[in-house]
Amino acid sequence: MSASRRDGVLFVEDCDLTTLAERFGTPLYVYSRAAIESAWHAYDQAFADRDHLICYAVKANGNLAILELLAALGSGFDIVSGGELARVLKAGGDPGKVVFSGVGKREDEIEQALTAGILAFNIESRAELTRISAVASRLGVEAPISLRVNPDVDARTHPYISTGLKENKFGIDIHQAEAIYAEAAGLPGIRITGLDFHIGSQLTELEPLADALSRSLALVDRLAQSGITLSHLDIGGGLGIRYQDETPPTPQALADRLAPLLDQRPQRLLMEPGRALVGEAGWLLTTVEYLKPGHRDFAIVDAAMNDLLRPALYDAWQRIETVAPGSTEPRVYDIVGPVCETADSLGSNRSLALEPGALLAIHGAGAYGFVMASQYNARPRPAEVLVDGGTAHLVRERETLDDLWQGEHLLRTS
Ligand code: LLP
């Protein structure tokens, strides 16, 4: 593991977290380069005996330095906006390894992606197909496309992050996909290259994924009969991580489960992991401001729901530990932030030995942490640090008060 205790103090790689907090202040996101790279290699090795491409889901953590180190490993990227494409390019990513997902691609974003020369558009509706055909024709290019099918399987995860059921807004009903492929085959500016699904996030079971793949492969066979051959299959992302006591499947278990289904199929396999690559490689450091005993004992810390939204939005549980051993007896606290919302909680019923000034580390904060942060309550967003051995690189500066009103204009009415 990339976090360990030395003389009771929590380290990430060879960096003492108390020193990082003193140097960069809190709240502070800390990432481990070694943890990200080893998670990426674990995925890559699991699928080594098959032509494959890992397209890291940028939405999980889009920090340029993280994209840069993944690009250097040869990773591809899964994007959902023109902004994410711009980030990938800025970080040195290869546009030829980019897939573009998302239900609401704007015309300018489609144009941007076509101009960059991405690997494929994951098309989520018939209307989007028509639009991409029109934009590509206007530009005189061909858009490589795959249809994101909705296989109607229950991913058995939190309803907010489940995407493969027919009542979800994502993808094209698998029963209509054949007709839409046939239509795509006749459209100008369209080159059919693949098929894609993504059924949800924080998956802790493999069967829903295997089920989605089986249904998709049956479709691939039907398409082949009508003369539509595909060069890639994209199985989306979704492998979970261990926040508490989950036992999510490893990439190797995923590869082993899918191997007999894929058998000798010639298609290149694409996958879009986000959380599994960066989730356990990040921590949010926060300092206790006040202890407020009462009907419930509150520890009020300097991080809040604007910095880490998952507990408030999904009632998500993330492990919280003191960075250094406390000199008090443990008590059961609700860890809350300064934001004026009852939902502003980072964790309840946590047994911790706390005193004002104590430093806490929230685990599992590498994915869907900073990217979901806001400036709510006029709180500048935290800094981000990437640890590499004993070196800590500041990869995003803490926002300043000036950043808060950047681009705003006074009326100057008086
Ligand atoms: N591909 C597509 C098309 C996606 O929509 C997603 C995530 C991924 C890949 C990556 O999924 P992952 O491997 O990270 O599970 N904010 C939520 C998670 C939202 C996931 C949205 N889509 C959370 O904090 O739990």
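Residues numbered from 1 in each chain as written. Predicted model: local features only at pLDDT ≥ 70, side-chain atom pairs only at ≥ 80, totals over all residues. Heavy atoms only, no water.

Caption draft 1: The arrangement of the sheet that holds strand β2 (residues 9-12) in detail. An order of β1-β2-β3 is seen for the three strands of this open sheet, with the pairing classed as antiparallel. A single partner strand is all that each edge strand has here, and the edge strands are β1 (3-6) and β3 (15-16). Pairing of β1 with β2, which is carried by four bridges, proceeds in the antiparallel orientation. Residue pairing in the sheet places arginine 5 in a bridge with leucine 10 of β2. (Pairing = 2+ DSSP bridges. Helix = DSSP H or I, 4+ residues; strand = E, 2+ residues; numbered from the N terminus.)

Caption draft 2: Quick look at the domain arrangement of the chain. Domain boundaries in the chain define domain 1 (3-31 + 279-404) and domain 2 (102-271). On a C-alpha basis, the centroid separation for the pair domain 1 and domain 2 is 36 Å. Between domain 1 and domain 2, the residue contacts involve 10 residues of the former and eight residues of the latter. For the pair domain 1 and domain 2, the two sides together bury roughly 800 Å², of which 60% comes from carbon and sulfur. Taken together, the connections running from domain 1 to domain 2 amount to zero salt bridges. One can count one residue pair in polar contact (both at pLDDT 80 or more) joining domain 1 with domain 2. (Domains from an automatic or database assignment. Contact = heavy atoms within 4.5 Å. Buried area = accessible area lost by both parts, 1.4 Å probe. Salt bridge = Lys/Arg side-chain N within 4 Å of Asp/Glu carboxyl O. Polar contact = N/O pair within 3.5 Å; in protein donor to acceptor, adjacent residues only side chain to side chain.)

Caption draft 3: Layout of the packing of aromatic side chains. Inspection of every chain in the model, using the stated rule, returns five aromatic pairs. Centroid distance tyrosine 56 to phenylalanine 77: 6.5 Å. Interplanar angle 80 degrees. Geometry classified as edge-to-face. In this pair, tyrosine 56 is assigned in strand β5 (residues 52-57) and phenylalanine 77 in strand β6 (residues 76-79), connecting sequence segments 21 residues apart. For the pair tyrosine 56 and phenylalanine 77, one class covers both residues: buried. Every member of this aromatic cluster is reached through a ring pair, and the members are Tyr29, Tyr31 and Phe370. One cation-aromatic arrangement involves lysine 105 over phenylalanine 100; the distance from NZ or CZ to the ring centre is 5.4 Å. (Phe/Tyr/Trp six-rings, centres within 6.5 Å; stacked < 30°, edge-to-face > 60°. Buried < 20%, exposed > 50% of the residue type's maximum accessible area, 1.4 Å probe, protein only. Lys NZ or Arg CZ within 6 Å of the ring centre and 35° of its normal.)

Caption draft 4: Geometry of helix α4 (residues 82-90). Along α4, the residues that are buried comprise Gly82, Glu84, Leu85 and Val88. For α4, the arc enclosing every buried residue in end-on projection is 160 degrees, short of the 170-degree limit, so these residues lie on one face. The inward-facing, buried residues of α4 contact α3 (64-73), β6, β7 (98-100) and α5 (107-116). Where α4 terminates, the next one or two residues include glycine 92, which has phi positive at roughly 90 degrees. (Arc of directions from axis to C-beta.)

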